[in-house]
2 protein chains.
Amino acid sequence: MSHEVEKRSLSQYLEEHNLKHTKQREAILAAFLEATGHITSEEIHTRVRADHPNIGYTTVYRTMKLLCDAGLASERRFDDGVTRYEIEQEHHDHLVCLRCGKIIEFECAMIEKTQMEIADRYQFRVLRHRHELYGHCDACAEEVSK
Amino acid sequence: MSHEVEKRSLSQYLEEHNLKHTKQREAILAAFLEATGHITSEEIHTRVRADHPNIGYTTVYRTMKLLCDAGLASERRFDDGVTRYEIEQEHHDHLVCLRCGKIIEFECAMIEKTQMEIADRYQFRVLRHRHELYGHCDACAEEVSK
DNA sequence: TTGAAATTGAATGTTAATTTCAATACGCTG
DNA sequence: CAGCGTATTGAAATTAACATTCAATTTCAA
């Protein structure tokens, strides 16, 4: 059985917060971890339903919020207006293809540093940021120019 | 009379696209230009109503889209989920205070350059980007720490 | 096993954006 | 300057995504 670390992490969070350990939560966590990339609650719902036909969308929706609180997932909302979830990991930013929806992650210490300098200049305390580059990925750029 | 340049610019756009020149469009443009900063259609509607009580929200909404198409305004949507409009100008990014809503503009050639280098690395053609730093402005940071 | 408390999920509510459609205004054309 | 085709207007309805409600059900500690 995989994802043992995450399962334990969820259990710990549930215990610490006097929340209950349910099959639904377990199943949703598993479905989320098995998927790769940036996935919507809808998509997670579809996947989780394959094995657990009675799990409702609302439960998926609420569980994803819970996984975010528990530090296992993080929420992203790009310009298409739908919320997606990704596995929580080191901070990074995104390249988003406007044609095929492909999402590439990047991180750049230089930009992070520069951005703090800018904030300082305005006496601004940065709590979080978003930095997204929208355009066309390699394959789509080729298609478009045809 | 002020905003002559913008008025002419709008007229030209309307003519070129076989659209009609109406009092509403004129009034909405004026209200938008008189306001400073990042304003919602709601707010523009309220302002324009002071002088023109019969102009409906829908018209403001549509006219703001039109002004964007005409290159006079640009649309922004920060993490609070409401769309705001700003006067079209040189490219820049934003610092957004999560407490008071204050929006500070910044621009940084260094970051722009670095970001293009990153895109190149992934063979990605950037068409636009968003770079937003969320946190507390000077005054709010002080309040919060009290 | 039992019962208080948390969870579930269908249905409903919310919020902001967007579209519909009948009435009206614009601005050519004659 | 009157007529007329087309664009525009604005109130109301619709949509889309997120969020909440509540009665029924499940969990888990005692």
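Structure's up top.
Residues numbered from 1 in each chain as written. Chains lettered and ligands numbered in written order. Predicted model: local features only at pLDDT ≥ 70, side-chain atom pairs only at ≥ 80, totals over all residues. Heavy atoms only, no water.

**Student:** How would you explain the overall build of chain A if you had to name every residue and give the values?
**Tutor:** In terms of regular secondary structure, chain A is built from six helices and six strands. Secondary structure elements of chain A occur, N-terminal to C-terminal, as α-α-β-α-α-β-β-β-β-α-β-α. The buried share of chain A, reckoned over its 146 residues, is 42%. Excluding contacts between residues fewer than 6 apart, the proportion of contacts in chain A whose partners are at least 24 apart in sequence is 48%. Charge centroids of chain A, computed over 20 positive and 26 negative side chains, lie 5 Å from each other. (Helix = DSSP H or I, 4+ residues; strand = E, 2+ residues; numbered from the N terminus. Buried < 20%, exposed > 50% of the residue type's maximum accessible area, 1.4 Å probe, protein only. Contact = heavy atoms within 4.5 Å. Lys, Arg positive; Asp, Glu negative; His and termini not counted. Charge placed at Lys NZ, Arg CZ, Asp CG, Glu CD.)

**Student:** Could you give me a rundown of the protein's contact with DNA strand C, with the residues and numbers involved?
**Tutor:** Taken together, 24 residues lie around DNA strand C, and T22, R25, T59 and R62 of chain A together with Y61 of chain B are the ones closest in. A share of 69% is what sugar and phosphate atoms reach among the atoms of DNA strand C within 4 Å of the protein. Here N54 of chain A contributes a backbone N or O atom positioned 2.7 Å from a phosphate oxygen of DNA strand C. Taking T83 of chain B, its main chain carries an N or O atom lying 3.0 Å from a phosphate oxygen of DNA strand C. Top element by residues in the surface near DNA strand C is helix α4 (residues 57-69) of chain B. It accounts for five residues. (Near = heavy atom within 4 Å. Polar contact = N/O pair within 3.5 Å; in protein donor to acceptor, adjacent residues only side chain to side chain.)

**Student:** Please give an account of the packing of aromatic side chains that cites residues and values.
**Tutor:** Counted under the stated rule, the structure contains two aromatic pairs over all chains. Across the ring face of Y134 of chain B, the terminal group of R128 of chain A is positioned such that the distance to the ring centre comes to 4.5 Å. (Phe/Tyr/Trp six-rings, centres within 6.5 Å; stacked < 30°, edge-to-face > 60°. Lys NZ or Arg CZ within 6 Å of the ring centre and 35° of its normal.)

**Student:** How would you explain the nonpolar core if you had to name every residue and give the values?
**Tutor:** Of all hydrophobic cores here, the largest spans 26 residues; its most connected members are L95 and F124 of chain A together with L95 and F124 of chain B. Excluding residues that lie within four positions of it along the chain, F124 of chain A makes contacts with A119 of chain A together with L95, V96, C97, I104, L133, Y134, G135, H136 and C137 of chain B. (Core = buried A, V, L, I, M, F, W, Y, C linked by side-chain atoms within 4.5 Å.)

**Student:** Now, about the interface of chain A and chain B: what can you tell me, with residues and values included?
**Tutor:** Facing 33 residues of chain A, the contacting portion of chain B comprises 33 residues. Of the roughly 3200 Å² buried between chain A and chain B, counting both surfaces, carbon and sulfur atoms make up 65%. It is F124, R128 and R130 of chain A in chain A that bury the most area against chain B; as a group they hold 21% of the surface buried on that side. Applying the counting rule to chain A against chain B returns eight salt bridges. Where chain A packs against chain B, one counts 18 residue pairs in polar contact (both at pLDDT 80 or more). Sort the elements by how many residues they give to the side of chain A that touches chain B and strand β6 (residues 125-136) of chain A lands first, with twelve residues. (Buried area = accessible area lost by both parts, 1.4 Å probe. Salt bridge = Lys/Arg side-chain N within 4 Å of Asp/Glu carboxyl O.)

**Student:** Give a detailed account of the side chain of E132 of chain B, specifying residues and quantitative values.
**Tutor:** Assignment of secondary structure puts E132 of chain B in strand β6 (residues 125-136). A relative accessible area of 5% places E132 of chain B in the buried class. A distance of 2.7 Å separates the side chain of E132 of chain B from the side chain of Y134 of chain B, its partner in a polar contact. Those residues in contact with E132 of chain B that lie beyond four places of it in its chain are R128, H129 and R130 of chain A together with R77, F78, D79 and H94 of chain B.

**Student:** Which residues make up the relation of the copies chain A and chain B, and what values do they have?
**Tutor:** Expressed as a screw transformation, the operator carrying chain A onto chain B has a rotation angle of 179° and an axial translation of 0.0 Å, and the superposed copies differ by an RMSD of 0.1 Å. Such a combination of turn and shift is consistent with a two-fold rotation axis. It is H131 of chain A whose C-alpha, among those of chain A, lies nearest the rotation axis, at 2.1 Å. The share of interface residues of chain A whose copies in chain B are also at the interface is 100%, consistent with both copies meeting through the same surface. (Least-squares fit on C-alpha atoms with pLDDT ≥ 70 in both.)

**Student:** Explain helix α3 (residues 41-51) of chain B to me, using residue names and the numbers behind them.
**Tutor:** Residue and element names in this part refer to chain B. Buried within α3 we find S41, I44, H45 and V48. On an axial view of α3, the arc spanned by its buried residues comes to 105°, and they lie on one face. Set apart from the buried face of α3 by more than 90 degrees, the exposed residues are E42, T46 and A50. In the core, the buried residues of α3 are packed alongside α2 (23-34), β1 (39-40), α4 and β3 (83-87). (Arc of directions from axis to C-beta.)

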